[in-house]
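Structural description and commentary
In case you want the letters, here they are:
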Amino acid sequence: MTALLDRAGLAALVPHAGAMCLWDELLAADETTVHVRTRRHADADHPLRRDGRLAALHLIEYGAQAMAVHGGWLAKTADGAGGARPGVLAAVRDLALHVERIDDLAAPLECSARRLVANAGGWMYEFRLHAGERTLATGRASVILAT
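Predicted, not measured: the structure shown is a model, and the values here were computed from it.

Procedures and definitions
Residues numbered from 1 in each chain as written. Predicted model: local features only at pLDDT ≥ 70, side-chain atom pairs only at ≥ 80, totals over all residues. Heavy atoms only, no water. Helix = DSSP H or I, 4+ residues; strand = E, 2+ residues; numbered from the N terminus. Rg over C-alpha atoms; globule rule 2.2 N^0.38 Å. Buried < 20%, exposed > 50% of the residue type's maximum accessible area, 1.4 Å probe, protein only. Contact = heavy atoms within 4.5 Å. Areas by Shrake-Rupley, 256 points an atom, 1.4 Å probe, with all protein chains shown as cover. Lys, Arg positive; Asp, Glu negative; His and termini not counted. Charge placed at Lys NZ, Arg CZ, Asp CG, Glu CD. Core = buried A, V, L, I, M, F, W, Y, C linked by side-chain atoms within 4.5 Å. Pairing = 2+ DSSP bridges. Polar contact = N/O pair within 3.5 Å; in protein donor to acceptor, adjacent residues only side chain to side chain.

Counting secondary structure elements, the protein contains two helices and six strands. The C-alpha atoms of the protein give a radius of gyration of 14 Å, which matches the 15 Å a tight globule of 147 residues would have. If you line up the protein on its principal axes, its C-alpha atoms span 40 × 30 × 25 Å. A burial count over the protein gives 44% of its 147 residues as buried. Long-range contacts, defined here as pairs at least 24 residues apart, represent 60% of the contacts in the protein between residues at least 6 apart. Carbon and sulfur atoms provide 53% of the accessible area of the protein, an area that totals close to 7300 Å². Across the protein, the 16 positively charged side chains and the 17 negatively charged ones have centroids separated by 3 Å.

Now for the nonpolar core. Judged by nonpolar contacts, the single largest core of 38 residues is most densely connected at W23, L26, L59 and Y62. If you list the elements that add at least two residues to this core, you get β1 (25–29), β2 (33–38), α2 (59–79), β4 (109–119), β5 (122–131) and β6 (134–145). Ranked by residue count, the leading element in this core is α2, at eight residues. The residues touching L26, leaving out its near neighbours within four places in the chain, are A3, L4, L5, L10, V34, H35, V36, V69 and W73.

Attention now moves to the environment of A120. If you trace the backbone, A120 turns up in the loop between β4 and β5. With 27 residues separating them in the primary sequence, A120 and T147 have C-alpha atoms 9.0 Å apart. Residue contacts for A120: discarding those within four places in its chain leaves R85 and L145.

In terms of strand pairing, β2 meets β4 through six bridges, oriented antiparallel. Note that in β4 the partner of V36 across the bridge is C111. Relative to β5, β4 runs antiparallel, the two being bridged by 10 bridges. Counterpart to E110 in the pairing with β5 is H130. Counting the residues in the hairpin turn of β4 and β5 gives two residues.

As for its position among the elements, H35 is in strand β2. Of the polar contacts made by the side chain of H35, one reaches the side chain of E110; its length is 2.5 Å. If sequence neighbours within four positions are ignored, H35 has contacts with E25, L26, L27, A28, E110, C111, S112 and H130.

The structure is reproduced here in structure tokens:
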């Protein structure tokens, strides 16, 4: 699958800078969905690693950043400027983690997210993170947008 945007293009869409920009490629996006991919979870210098490991709990950040990528992509396609509106992760619901860690995964990490709610106050998405056919995490997340 050919990427719509590479890492540099994604970095222009999200408020996350440098190594904290976790996604490498935007594979697909439309009005309600986004699909992103990365291989950075295996990087020894990953900024979220603790004691040499990257816990599955960090998949929440990956899911939230997929949401930010989608918001930035929507802004870019709407007005050409790009950039996700700043927001705060307010809630994570129905989170199911199917692994303990992700730094040892050989396959690229991917996230498919679908926007369920969008209004002036924020967004709610459902997401699925996977490596190949293996589901790593699923859940829903809400973001309150800054005013």
